[in-house]
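Residues per chain are reported as follows:
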Amino acid sequence: MKISVIIPSRKRVRGLSAALTTLSRLASGKHEITYGVCCDVDDIETQDFCKEIQKEILLAYKVGVRPKSLGDLYNGMAEKMPADLYFLLVDDMLCLTPNWDDIAAQAAEETPH
């Protein structure tokens, strides 16, 4: 199953790093996961971090002017990252569940609608 994880972030590189690290390290390895980060044009710190972490995980990032709503931001990134399953997350969360992606994929397969 193809999974897209979308995380908006603004000048919270430590939190973003922790979120991406816990997600990637606790993934099962059974599914194709792409991480997407959205950041503002003037947030150079987050942009630099995204360039660096692309060496470690499959990451797409979008730099732009802040949209009118968070929903616009998530939808815009989702259009660039087609998937079977989407996670819309924040940059101050930690994943604590091993194999989180496989658990979600199994749940999605049980209720495909």
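Everything numeric here is computed off the predicted structure, so don't read it as measured data.

Describing a nonpolar patch on the surface
- Together, Val-41, Val-63 and Val-65 line one region of the surface with nonpolar side chains, adding up to about 270 Å² of accessible area.
- Within the secondary structure, Val-41 sits in the loop between β2 (32-40) and α2 (44-53).

Some details on the confidence of the model for the chain
- Here the chain shows a mean pLDDT of 94. Residues at 70 or above account for 100%.
- No element of the chain has a lower mean pLDDT than strand β3 (residues 59-64), at 90, and none a higher one than strand β1 (residues 2-8), at 97.

Details of the pairing of β1
- Among the seven residues that make up β1, six are buried, leaving the element largely enclosed by the rest of the structure.
- Across seven bridges, β1 lies against β2 in parallel orientation. When the bridges of β2 are listed, Lys-2 appears paired with Glu-32.
- Viewed along the sheet, the connection from β1 through helix α1 (residues 13-26) into β2 turns out right-handed.
- Inspection of the sheet shows β1 paired to strand β4 (residues 85-88) by four bridges, in the parallel sense. Its bridge partner lying in β4, Ser-4 is registered against Tyr-86.

Considering the pattern of salt bridges
- Under the counting rule described, the total for this entry stands at eight salt bridges.
- The partner of Glu-32 in a salt bridge is Lys-2, with the nearest N and O atoms 3.7 Å apart. Taken together, the residues Glu-32 in strand β2 and Lys-2 in strand β1 connect sequence positions 30 residues apart.
- A salt bridge links Asp-40 to Arg-66; its shortest N-O distance comes to 2.8 Å. Linking Asp-40 in strand β2 with Arg-66 in the loop between β3 and α3 (70-80), this pair joins segments that are 26 residues apart in sequence.
- On the basis of relative accessible area, Asp-40 is assigned to the buried category, the value being 9%.

Examining α1
- For α1, which comprises 14 residues, the first-to-last C-alpha distance of 20 Å matches the rise-based estimate of 20 Å (1.5 Å per residue) to within 8%.
- Buried positions along α1 lie against β1, β2, α2 and α4 (100-110).

Concerning the sheet that holds β3
- Spatially, the four strands line up as an open sheet ordered β3-β2-β1-β4, and their pairing is parallel. Looking at which strands have only one partner, the edges of the open sheet turn out to be β3 and β4. Pairs of neighbouring strands in the sheet enclose a mean axial angle of 20°, with direction left out of account.

Parameters and conventions
- Residues numbered from 1 in each chain as written.
- Predicted model: local features only at pLDDT ≥ 70, side-chain atom pairs only at ≥ 80, totals over all residues.
- Heavy atoms only, no water.
- Patch = residues over 30% accessible without salt bridge, like charges linked within 9 Å, V, L, I, M, F, W, Y side chains within 5 Å.
- Areas by Shrake-Rupley, 256 points an atom, 1.4 Å probe, with all protein chains shown as cover.
- Salt bridge = Lys/Arg side-chain N within 4 Å of Asp/Glu carboxyl O.
- Helix = DSSP H or I, 4+ residues; strand = E, 2+ residues; numbered from the N terminus.
- pLDDT = per-residue confidence, 0-100.
- Buried < 20%, exposed > 50% of the residue type's maximum accessible area, 1.4 Å probe, protein only.
- Pairing = 2+ DSSP bridges.
- Right-handed = clockwise from strand over helix to strand, strands pointing away.
- Expected span 1.5 Å × (residues − 1).
- Contact = heavy atoms within 4.5 Å.
- Axes fitted to C-alpha atoms, helices over the stretch in contact; angles between N-to-C directions.

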